[in-house]
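# Working through the structure, step by step
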Amino acid sequence: MPTDAARGPETHKGFTMNFHHKLNLALLGVVCTGSSVAQVELQPSSSPYYIGASQAFTREDNIFRTPDGQPEISDTYSTTSLLAGVNQPIGRQRLFANAALSRNLFRDNSQLNNTAYDLDAGVDWATIEKLSGTLSYATRRNLARYGVDDGPTLTTERNEERSQQLLARVQYGMASLLSLEGTAIHRKLDYSAASYAFKELRQNSLGLRVLYRPSGLLTLGAGVRGTDGRYPSAIQSAPGVFEEDAFDRRDFDLSAVWAATGLSRLTARLSYSKEDHDRLQSRDFSGVTGALSWAYAATGKLNFITDLIRDTGSENSFNSFSSGASTSGNTNRISNAVRLRATYDATAKIRFGTDLKYQKRDLVNTFALTGGTSTQTGNDKTTEFGLTGRYKPTRNAEIECGVGREKRTTSSPISYAYSAGKASCQAQLIFQ
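I will try to describe carefully the structure that is included in this document. Predicted model, so just to flag it, every value in this text is computed and none were measured.

Scoring rules and cut-offs
Residues numbered from 1 in each chain as written. Predicted model: local features only at pLDDT ≥ 70, side-chain atom pairs only at ≥ 80, totals over all residues. Heavy atoms only, no water. Helix = DSSP H or I, 4+ residues; strand = E, 2+ residues; numbered from the N terminus. Buried < 20%, exposed > 50% of the residue type's maximum accessible area, 1.4 Å probe, protein only. Contact = heavy atoms within 4.5 Å. Areas by Shrake-Rupley, 256 points an atom, 1.4 Å probe, with all protein chains shown as cover. Polar contact = N/O pair within 3.5 Å; in protein donor to acceptor, adjacent residues only side chain to side chain. Pairing = 2+ DSSP bridges. Salt bridge = Lys/Arg side-chain N within 4 Å of Asp/Glu carboxyl O. Phe/Tyr/Trp six-rings, centres within 6.5 Å; stacked < 30°, edge-to-face > 60°. Lys NZ or Arg CZ within 6 Å of the ring centre and 35° of its normal. Core = buried A, V, L, I, M, F, W, Y, C linked by side-chain atoms within 4.5 Å.

### As for the overall build of the chain
- Within the chain one finds 2 helices and 20 strands.
- Split into buried and exposed, the 432 residues of the chain put 50% on the buried side.
- Of the contacts formed within the chain by residues at least 6 apart in sequence, a portion of 61% connects residues at least 24 apart.
- About 18,300 Å² of surface is accessible on the chain, with carbon and sulfur atoms providing 62% of the total.

### Digging into unusual backbone geometry
- Phi at Arg-65 is positive, roughly 50°, even though this residue is not glycine.
- On the secondary structure map, Arg-65 appears in the loop between strand S3 (49-60) and strand S4 (75-90).
- For Arg-65, a relative accessible area of 1% gives the class buried.

### Re the side chain of Asn-87
- With respect to the secondary-structure elements, Asn-87 resides in strand S4.
- A distance of 2.7 Å separates a polar atom in the side chain of Asn-87 from a polar atom in the side chain of Arg-94.

### Thoughts on the environment of Asp-190
- Looking at the element boundaries, Asp-190 is found in strand S9 (residues 178-191).
- What makes Asp-190 buried here is its relative accessible area of 17%.
- Counting along the chain gives 29 residues from Asp-190 to Glu-161, while the straight-line C-alpha distance between them is 5.9 Å.
- In contact with Asp-190, other than residues within four places in its own chain, are Glu-160, Glu-161, Arg-162, Glu-200 and Arg-202.
- Of note is the side chain of Asp-190, whose polar atom sits 2.7 Å from the side chain of Arg-202.

### Some details on the pairing of strand S17 (residues 350-364)
- Two elements, strand S16 (residues 334-345) and S17, share 12 bridges in a ladder whose sense is antiparallel. For Val-338, the partnering residue across the bridge sits in S17 and is Tyr-358.
- The loop that links S16 with its antiparallel partner S17 comprises 4 residues.
- Relative to strand S18 (residues 377-391), S17 runs antiparallel, the two being bridged by 15 bridges. Its bridge partner lying in S18, Thr-354 is registered against Leu-387.

### Re the pairing of S4
- Pairing between S3 and S4: 12 bridges, direction antiparallel. The residue bridging Tyr-49 from the neighbouring strand is Val-86, located in S4.
- Counting the residues between successive antiparallel strands, the hairpin from S4 to strand S5 (residues 93-106) contains 2 residues, one of them, Gly-91, with a positive phi of roughly 65°.

### So, the pattern of salt bridges
- Taken as a whole and assessed by the stated rule, the structure comprises 29 salt bridges.
- When the shortest N-O distance is used, the salt bridge between Arg-209 and Glu-181 registers 2.7 Å. Of this pair, Arg-209 sits in strand S10 (residues 201-215) while Glu-181 sits in strand S9; the two residues are 28 residues apart in sequence, bridging distant segments of the chain.
- Judged by its relative accessible area of 31%, Arg-209 falls in the partly exposed class.
- Linked by salt bridges that have partners in common, Arg-225, Arg-249, Asp-251, Asp-253, Arg-269, Glu-275 and Asp-311 make up one network.

### A short note on the side chain of Glu-60
- Among the secondary structure elements, Glu-60 is positioned in strand S3.
- A residue is classified by how much of its surface remains accessible, and Glu-60, at 1% relative accessible area, is buried.
- Looking at Glu-60, its side chain comes within polar contact range of the side chain of Lys-422, at 3.1 Å.

### As for the packing of aromatic side chains
- Applying the stated rule across the entire model yields 6 aromatic pairs.
- Its end group placed over the ring of Tyr-231, Arg-283 keeps NZ or CZ at 4.4 Å from the ring centre.
- Its guanidinium or amino end placed over the ring of Tyr-416, Arg-408 lies 4.7 Å from that ring's centre, counting from NZ or CZ.

### Focus: the nonpolar core
- Counting residues in each nonpolar core, the largest one holds 18 residues, and the members touching the most others are Ile-63, Phe-106, Leu-112 and Tyr-146.
- Listing elements by their share of this core, those giving two or more residues are S9 and strand S11 (218-238).
- A total of 3 residues in this core trace back to one element, the largest contributor, which is S11.
- Dropping the residues within four chain positions of it, Leu-112 is found in contact with Ile-63, Phe-64, Phe-106, Leu-143, Tyr-146, Thr-156, Glu-157 and Arg-158.

Structure (structure tokens):
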């Protein structure tokens, strides 16, 4: 049940338990359901600081994502969160930080009680000349979502997921016609439950790209990325003895950001990717990956966002850092997903939203097996749908409720079919 945070000049995201407002390849993005972060829309203010609190209650009818035909376990849990942040310009620089600390309490399954946190902090900097960049650190801990990966093994123990990212980005050229951008990223993913150790991941990447801005409405890019990673406990060679699977990935990227009109914005990346694994060679991939996002304001009250994404499991494991989706250890070979979102502002205080997602994963057996690994393959398909309603009586307070349903189908022996639903409500108070 991953959490996520994103920073911005006027936004903060606070925990609820499972969902995020951007593309989430594993969950349904319904506010206040699972270990997620809900978007807090702050009004312009002279103060760069904010503090707040939120309280959410969620009901799930299949909390462990039990396979179809087996007894399902339902539960209700409470999420109490403290929120704080800063967005402070200092000359040409900008310091930012968003933090949330949450306590999650389950009514019937108290073994799942946990404390989650979410921190995103850093600095945007610029010089008098043509240099600018970002240095940031993000970390989050939350209850991992059950049933997210392939395989027949189920667990009801508490399993906390912790993800970290350290990012440095430097750009030469700033707003000129041509600019050069370099990026270095270190990522890490860990689990508290020993049965999930095979999904733990370490990753380092370097990227370099050229940006071309023929106009204020269009930015084109071309570049290369290199990633070296490893799964430290990918293979169990003997009881209690694990061996790692190291991999390298190389990408050639083409990108574009096009503000076609004041009502439409398109962001796209198309890549040729090649990923090679030392031990789990069934995860090797060579082909096209990419992402596309189209935001369209049909009217002053009605807005649509369409997202498409195709990528490997090693990259999808860190979606919360790269594209805003929830982090969740992901060992599939390749996945394709589409997400459609719409919001309607009925009044200045009332907003309704809908969220529809579909994902198809190409799977390989990624479990630690004594003496070796399996070469079983297959695929599964997951459909998720959610509805939300928000009431904002004042600039500092809001109440949001949502319902959602998710269903997975498969014919593969290394995945399983399930269905799950949830309903939730959250009250939030922010002072700036």
